[in-house]
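Summary of structural features
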Amino acid sequence: MTKIFKPVLLLLLAGAAMPAHAADAVEAADMAADAGGGAGEIVVTGLKFDRTLQDTPESVKVFTSEEIERQSLVSVYDLIDRTANLSSTFNKSGFNIRGISNTNVSGYGFGDLATVYLDGSPLPGDATSGGPLDLWDLDQVEILRGPQSTLQGRNALAGAIILKTADPSFDWQGKARAMITDADGEYRLAAAVGGPIVDDVLAFRVAGELARGDGLIKNSLAGGNYARTNSEVLRGKLLFTPSGADGLQIKLSYLYDRHFGNDGRGYSFSDVANAWDRRTVEANRETYTKTSTDLLTLDVTLPLGDVFTLSSVSTYNHLKTFSIYDGDLRADEEAYGDFATNQKTFSQEARLTFDTGPLQGLIGGYYSRLKNPDSDSNSTFSLDIDRDLGLTNQVAAYLVSQFGLPLPTAQFLAVQARAEYPDRVFISSQQLYSVDIETMALFGDASWEVAPGLKLLGGFRYDRERQKVANSNTVILNTPIPDPADYAAANPLLAQIIGTVNGLLQAQVDNANSSGPESTTTYKAFLPKGGVSFEFAPDKTLSAIVQRGYRSGGSGVNPGRASTHVYDPEYTWNYELSLRTQWLDRRLTLNANAFYVDWTDQQVIVQLSDSVYDYETQNAGSSRVWGFEVESAFDITDRLNIYGSVGYANSKFLDFQTTNGNVRDLSGFEFANAPRWTWAAGFDWRHPTGVSTNININYRGAQFQDVSDQSAGRNVPARTLVNAKIGYSNDHFGAYLVATNIFDEKYYDYQYENAGRLQALFGDPRMIGLTFEGRF
């Protein structure tokens, strides 16, 4: 595909360099000048009924295409780190909303807790670490904080991120961009062009981006760059309006997306001098992920008079991933493996919106089918014979129960036998996993103005999900173990105990081998929503909403016991207050949301014994989260805009008990990777000569690295990043100097000890780049 992609991109670049139409250029300049100001209303579309931002009580942060271009934002993660109560996790391979991870907060769970949607299609969780999250030629991004289960259904308990790409236009448009950065050697070439095929009837738009990078990590063992990246994105869209602008509208789009690498920012050693600057590994195996996405979307809209509009969104998404990794990052063969998945998702949504003036809303139906028959995980790793398998304690208990020995004697003999074994044993594992999930739902949402300025809010969703899951796990012990016959003559008792140890060790390996028939489970949920909104003064509205969120249950296999188990859905009740205000002729916007989340029946991973294999998922947790967001933007003049936001999220487990030989109560602990404080601020200045400046800063507070150990305090330190974009532009051309992390703040997202070596996910260093843009 690369041989095809490059010529297509060159054609796009050539098209974007065509002579500009003067009227279009003036219009584009006027739109850019008005962006973010009171003159233009921001419309929220992710709630499936178009409302202005000020008429939307739910907590939502909107990034327009103008904002994305002014700050030279490249990935969705750049937006996440600039949004109150959001932060990226594991160095831009995941994220959290209001302290809640997009995957889970309690160790496990079948579905995700937050989902990214691209043109109406839900992206699988695997896409968050290497999928179609680039921002080139996006029209708008909406980050919805708080549960979206009523309208979005499964995998939206914490919130959702809505990506909307640019639509075709019946006016000729084109743009191009070239970007280079110094630290990671990355360059990006992008272009988009579109216009009419048949005036007022059929239009097209094609956009593409090619990126290559060396990454930030060097391999001191094999030499060269250890984390190279590349990506290729090509998108085509057609707009068909057979009845004119006020009639039937059909949009058909196809996305081709290929990403390779680990985003250039994987683990590197942190126990060497100048670790942040050196970023080295000593790996004898590669580490990378290949992700391919093919996404087809059909969006149909038909007005039915002045009140009703019928809409249909059909999507087909084929996501394939293949990952290999060197888990120890050294020449040692401590840990390595590969993983492959092949997911196909079809979704169909139909909805009828209505607007009578006082009564506005929608009712709709949803169907989706996710099939992933080919997940294949292969890994080789070492386990500590006592810490991970608890073998010495098991032997002592066996000697007491079978031979009636006093416990001190049994422990002494167990330690003697343990000395004949290596500290670690190596295990090879292959896990085959297949999933088939079918979801059907009926949903609705409405607001009713019962008196001037007073609205009643309501909604519901009835969700039915059927899961078919099959799992097969094959485990092999690779490490040679002592032969009892070698000890029989000199020490018969020790030989007998070694035979016992071998039996217990092999039994754990044998128990980890599991293969069960396909299991089918069905889950149903009713998710109500209610609230009230009151405009107590012009451009000032106070709202209160109560709604229920959920994540469906699932089934799993306990590898230590070769047994299957089923766990139930988990639920939240969410209480939210929102304030929407505008001042000074709408040049100053000040919005705020406060929330409280009551979370019950949480799906938590529970360790049942000393064996690392003996675990399962249970509905054994409960927690609460509360906090607020405040966001503001102020057009001081037509050329100067300042903006800022602050978020606070306080998470705590109320009931969370783990068992590993002894019951351990983690109640009172906070969620992992959940900073309490986040804030961002910045300004845009544009001079009539074409000179412009954007300077922005964002802060992420300190956080706990995991749930199980919080005795040492917040072990992921806070960080503050300052970024800037300065340059010149006119109607057709722009050139900019871009800098991120200007003060070269040194921080990490995760750090752990692996076989005696510290490894960490370091944050990005200071990066300087140049951006060149052209448009017509």
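Bear in mind the structure is a predicted one, so any value in this text is a computation, not a measurement.

1. Observations regarding the pattern of salt bridges
- Counted by the stated rule, this structure contains 44 salt bridges.
- As a salt-bridge pair, Glu 232 and Arg 212 come within 3.1 Å of each other at their nearest N and O atoms. In this pair, Glu 232 is assigned in strand β15 (residues 229–240) and Arg 212 in strand β13 (residues 202–213), connecting sequence segments 20 residues apart.
- Through salt bridges with shared partners, one network takes in Asp 119, Asp 139, Lys 164, Asp 167, Lys 237 and Lys 251.

2. Observations concerning the sheet that holds strand β3 (residues 59–64)
- Spatial strand order, β3-β9-β10-β7-β8: five strands in an open sheet with mixed pairing. If you trace the sheet from one side to the other, it starts and ends with β3 and β8 (121–122), each paired once.
- Where strand β7 (residues 114–118) meets strand β10 (residues 159–165), five bridges bridge the pair, whose relative direction is parallel. Within β10, the position partnered with Leu 118 by the bridge is Leu 163.

3. Points about helix α8 (residues 407–418)
- With 12 residues, α8 should reach 16 Å at 1.5 Å per residue; the first-to-last C-alpha distance of 16 Å fits that figure.
- Regarding α8, the residues found buried are Ala 410, Leu 413, Ala 414, Ala 417 and Arg 418. An end-on view of α8 places all buried positions within 140° of arc, on one side of the element. Every exposed residue of α8 that faces more than 90 degrees away from the buried side is listed here: Pro 408, Phe 412 and Val 415.

4. Considerations on unusual backbone geometry
- The backbone of Lys 92 shows a phi angle near 70°, a positive value even though the residue is not glycine.
- Here Lys 92 shows up in the loop between β4 (86–89) and β5 (94–97).
- Residues other than glycine seldom take positive phi values, yet Asp 137 does so here, at roughly 60°.
- Relative accessible area serves as the criterion here: at 4%, Asp 137 is assigned to the buried category.

5. Re the confidence of the model for the chain
- For the chain, the mean per-residue pLDDT works out to 88, and 92% of the residues sit at or above 70.
- This model gives residues 7–39 a pLDDT under 50, and the stretch forms 51 contacts once residues within four places in sequence are excluded.

6. Digging into the environment of Asn 715
- If you trace the backbone, Asn 715 turns up in the loop between β36 (691–700) and β37 (719–729).
- Expressed as a C-alpha distance, the spacing of Asn 715 and Gly 627, which sit 88 residues apart in the sequence, is 22 Å.
- Contacts of Asn 715, omitting those with residues within four sequence positions, involve Gln 703, Phe 704, Gln 705 and Tyr 748.
- In terms of polar contacts, Asn 715 uses its side chain to reach the backbone amide nitrogen of Gln 705, at 2.8 Å.

7. Side note on the sheet that holds strand β40 (residues 757–762)
- Taken in spatial order, the three strands of this open sheet run β17-β40-β39, and their pairing is antiparallel. Lying at the two open borders of the sheet, with one neighbouring strand each, are β17 (268–269) and β39 (748–754).
- Judged from the two bridges that link them, β17 and β40 form a sheet pairing that is antiparallel. Following the sheet pairing, Ser 268 is matched in β40 by Ala 760.

8. As for the packing of aromatic side chains
- Throughout the structure, instances matching the rule amount to 18 aromatic pairs.
- Between the aromatic rings of Tyr 267 and Tyr 750, the centroid separation amounts to 6.5 Å while the plane-to-plane angle is 80°, which identifies the pairing as edge-to-face. With Tyr 267 in the loop between β16 (249–261) and β17 and Tyr 750 in strand β39, the pair connects residues that are 483 residues apart, well separated along the chain.
- Centre to centre, the rings of Tyr 267 and Tyr 752 are 5.5 Å apart; their planes meet at 80°, and the pair counts as edge-to-face. Residue Tyr 267 is found in the loop between β16 and β17, and its partner Tyr 752 is found in strand β39; the two are separated by 485 residues along the sequence.
- Taking relative accessible area as the criterion, Tyr 752 reaches 26% and is therefore assigned partly exposed.
- By way of ring pairs, the aromatic residues Phe 90, Tyr 267, Tyr 750 and Tyr 752 are connected into one cluster.
- Against the face of Phe 595 rests Arg 98, its NZ or CZ located 3.9 Å from the ring centre.

9. Examining the packing of helix α7 (residues 391–403) against α8
- Closest axis-to-axis distance for the α7/α8 pair is 8 Å, and the angle between their directions is 135°. It follows from the interaxial angle that α7 and α8 lie oblique. Along this stretch, α7 crosses α8, giving a crossing that reads as right-handed. Packed against α7, whose contacting residues are Thr 392, Val 395, Ala 396, Leu 399 and Val 400, the element α8 presents Leu 407, Ala 410, Gln 411, Leu 413, Ala 414, Val 415 and Arg 418 at the interface.

10. Let's talk about the packing of α8 against helix α9 (residues 492–512)
- In contact at an axis separation of 10 Å, α8 and α9 are set at 80° when each is read in the N-to-C sense. One way to sum up the angle between α8 and α9 is to call them roughly perpendicular. Every residue of α9 that contacts α8 at Leu 413, Gln 416 and Ala 417 is listed here: Leu 493, Leu 494, Ile 497 and Val 501.
- Per-class residue counts for the contact of α8 with α9 are six nonpolar, one polar and no charged.

11. Observations regarding the environment of Ala 166
- Of note, Ala 166 is situated in the loop between β10 and β11 (173–181).
- When its relative accessible area of 12% is taken as the criterion, Ala 166 is described as buried.
- A C-alpha to C-alpha distance of 9.2 Å links Ala 166 and Ala 207, two positions 41 residues apart in sequence.
- Not counting residues within four places of it along the chain, the set of residues in contact with Ala 166 comprises Asp 137, Leu 138, Asp 139, Arg 205 and Lys 237.

12. What about the side chain of Glu 66?
- You can see Glu 66 is positioned in helix α3 (residues 65–70).
- Buried Glu 66, no salt bridge; nearest opposite-charge side chain is Arg 70, N-O distance 6.2 Å.
- Only 3.4 Å separates the side chain of Glu 66 from the side chain of Ser 65, close enough to count as a polar contact.

13. Overview of the side chain of Gln 703
- Here Gln 703 lies in the loop between β36 and β37.
- Owing to a relative accessible area of 2%, Gln 703 belongs among the buried residues under this scheme.
- If near-sequence neighbours (up to four positions away) are discounted, Gln 703 is found in contact with Asn 673, Ala 674, Pro 675, Arg 714, Asn 715 and Val 716.

14. Structural notes on the pairing of strand β26 (residues 519–537)
- For strand β24 (residues 454–477) and β26, the ladder comprises 16 bridges, and the chain directions are antiparallel. Among the inter-strand pairings, Gly 458 is bridged to a residue of β26, identified as Gly 530.
- The pairing of β26 with strand β27 (residues 540–551) spans eight bridges and is classified as antiparallel. Bridged to Glu 535 within β27 is Thr 541.
- With antiparallel pairing between neighbouring strands as the criterion, β26 and β27 make up a hairpin whose turn holds two residues, including Asp 539 at a positive phi of roughly 65°.

15. A look at the environment of Gly 94
- Mapped onto the elements of the fold, Gly 94 is located in strand β5.
- When the C-alpha positions of Gly 94 and Ala 156 are compared, they lie 15 Å apart, and in sequence the two are 62 residues distant.
- If near-sequence neighbours (up to four positions away) are discounted, Gly 94 is found in contact with Tyr 77, Ser 88, Thr 89 and Asn 102.

16. Observations concerning the nonpolar core
- If you look at the biggest cluster of nonpolar residues, it comprises 44 residues, and the most contacted ones within it are Leu 79, Phe 95, Leu 135, Val 141, Ile 161, Leu 163 and Phe 671.
- Looking at this core, the elements with two or more residues in it are α4 (76–80), β5, β7, β9 (138–145), β10, β31 (588–607) and β33 (640–660).
- Tallying contributions element by element places β31 first for this core, with five residues.
- For Leu 79, the contacting residues outside a window of four places in its chain are Phe 63, Ile 68, Leu 73, Leu 135, Val 141 and Ile 143.

Definitions and limits used
- Residues numbered from 1 in each chain as written.
- Predicted model: local features only at pLDDT ≥ 70, side-chain atom pairs only at ≥ 80, totals over all residues.
- Heavy atoms only, no water.
- Salt bridge = Lys/Arg side-chain N within 4 Å of Asp/Glu carboxyl O.
- Helix = DSSP H or I, 4+ residues; strand = E, 2+ residues; numbered from the N terminus.
- Pairing = 2+ DSSP bridges.
- Expected span 1.5 Å × (residues − 1).
- Buried < 20%, exposed > 50% of the residue type's maximum accessible area, 1.4 Å probe, protein only.
- Arc of directions from axis to C-beta.
- pLDDT = per-residue confidence, 0-100.
- Contact = heavy atoms within 4.5 Å.
- Polar contact = N/O pair within 3.5 Å; in protein donor to acceptor, adjacent residues only side chain to side chain.
- Phe/Tyr/Trp six-rings, centres within 6.5 Å; stacked < 30°, edge-to-face > 60°.
- Lys NZ or Arg CZ within 6 Å of the ring centre and 35° of its normal.
- Axes fitted to C-alpha atoms, helices over the stretch in contact; angles between N-to-C directions.
- Parallel < 35°, antiparallel > 145°, perpendicular 65-115°, else oblique.
- Left-handed = near helix turned anticlockwise from the far one by under 90°.
- Nonpolar A, V, L, I, M, F, W, Y, C, P; charged D, E, K, R; others polar.
- Lys, Arg positive; Asp, Glu negative; His and termini not counted.
- Core = buried A, V, L, I, M, F, W, Y, C linked by side-chain atoms within 4.5 Å.

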